[in-house]
Structures are given as structure tokens and as C-alpha cells.
Amino acid sequence: MIILIRPITISTTNTRTKETPLLPLSILNTFCIFTFVFNEYGLVGVHVKWIFDEMFSASILMDFDLNHNNVLETSEVESIENNAFTNLKNYNYFMHVDLNGHNIDVTSVTSFNAEISNYRIIYNFFVPLNIPVDSVLNTVKVGCYDNTYFCSVSNSETLPVDLVYSSLHQCS
């Protein structure tokens, strides 16, 4: 999907490069939804929502919902972040960002949260990009996939991408 907002072009993909073959099986299935956040200065970043399959969700609930009430309290969310999310920094959080043909490493994310909806675990987090709008047409490609083949990540069919304006964020 390509969205043209002058002077920035955005495309999203969960497609691996031609050098990385697609394996037929993965252990974990995840749906991904992107919300691109803009302000008057440019593309602030991307809010990412991962919706996990039932098997992984059950595993996370068994390990982290310590009082088994199907509600994630603050301490349980912190434990999920520290023990089941932070390590993804080593894999750029499965995020692949390209700006005008140059890879941008995703070394940090903010605003992590985990929740339960319909017996599924949902991770929400923000990827700061701070890409200012200038007179040159910028092309930004954002993808979410796992090169280790452990996870199968698919864009949500109902709302794979959304655009929002927020004066609360600042580009640096």
C-alpha cells in the first residue's frame, strides 16, 4: 500500500526481500496495524499494534497474568515488556524502515502497552521516526516481518494502515 502525502510517500509491506525465502511454516502468527502520526513538521513516527494468535496469547496469559483474572495489571504489563518484548530490540522490533532507499534501524520504541481483547494478547508501541517534511519528495517504506521465520506477521485486512495528525508530538 502506498500513500502519497506531499512531500512524503509512505508504503507498508510485510514482504521479505527476494534474498530471504518465505518458509511455509512459522510458530507464531501475528496481525499488524500501522498508524502513521504526522504533525506540521513531518512524520513523527508509527504507532504499531500487534494482535497475536490464540496459542501465543494463551502462553503469555499463563506466564504473566499471575492472578488469572484475564486483565493485565500495570505490574504484569511491565513484566511482559521486560521479559517478552524488550529483547526484540536485537531484531529492530521486527520493524523495517526505509527512507529514500536507506535503511533506518529501529533501536528504541516508546509507549509499550499490552492488553487482552477477545482472549488475544495485543501489543501497542510507538516507533519514533522524526522525518521532517522538506522540499524534496521523501519515500518512506515501513514493514513488519521476522527474518528469523519464528513469527508470521500479516497486515490486518480490516485496517492495515491509518493516518493521524497530532500536535502533541514534535519532530526533532
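Going by the structure above, here's the rest.
Structure report, in brief. (Residues numbered from 1 in each chain as written. Predicted model: local features only at pLDDT ≥ 70, side-chain atom pairs only at ≥ 80, totals over all residues. Heavy atoms only, no water.)

1. Quick look at helix H1 (residues 54-64)
Among the residues of H1, those classed as buried are Ser 57, Ile 60, Leu 61 and Phe 64. Along H1, the residues classed as buried sweep out an arc of 100° about the axis, all on the same side. What points out from H1, more than 90 degrees from its buried face, is the exposed set Met 55 and Met 62. Packed against the buried residues of H1 are strand E4 (42-52), helix H2 (74-84), strand E7 (110-117) and strand E8 (120-132). (Buried < 20%, exposed > 50% of the residue type's maximum accessible area, 1.4 Å probe, protein only. Helix = DSSP H or I, 4+ residues; strand = E, 2+ residues; numbered from the N terminus. Arc of directions from axis to C-beta. Contact = heavy atoms within 4.5 Å.)

2. A closer look at the packing of aromatic side chains
One pass over the full model with this rule turns up 15 aromatic pairs. On the numbers, 6.3 Å between centres and 45° between planes, the contact of Tyr 91 with Phe 94 is tilted. You can call Phe 94 buried: its relative accessible area is 9%. Look at Phe 112 and Tyr 123: their rings are 5.1 Å apart centre to centre, the planes differ by 70°, and that puts the pair in the edge-to-face class. With Phe 112 in strand E7 and Tyr 123 in strand E8, this pair connects stretches of sequence that are 11 residues apart. (Phe/Tyr/Trp six-rings, centres within 6.5 Å; stacked < 30°, edge-to-face > 60°.)

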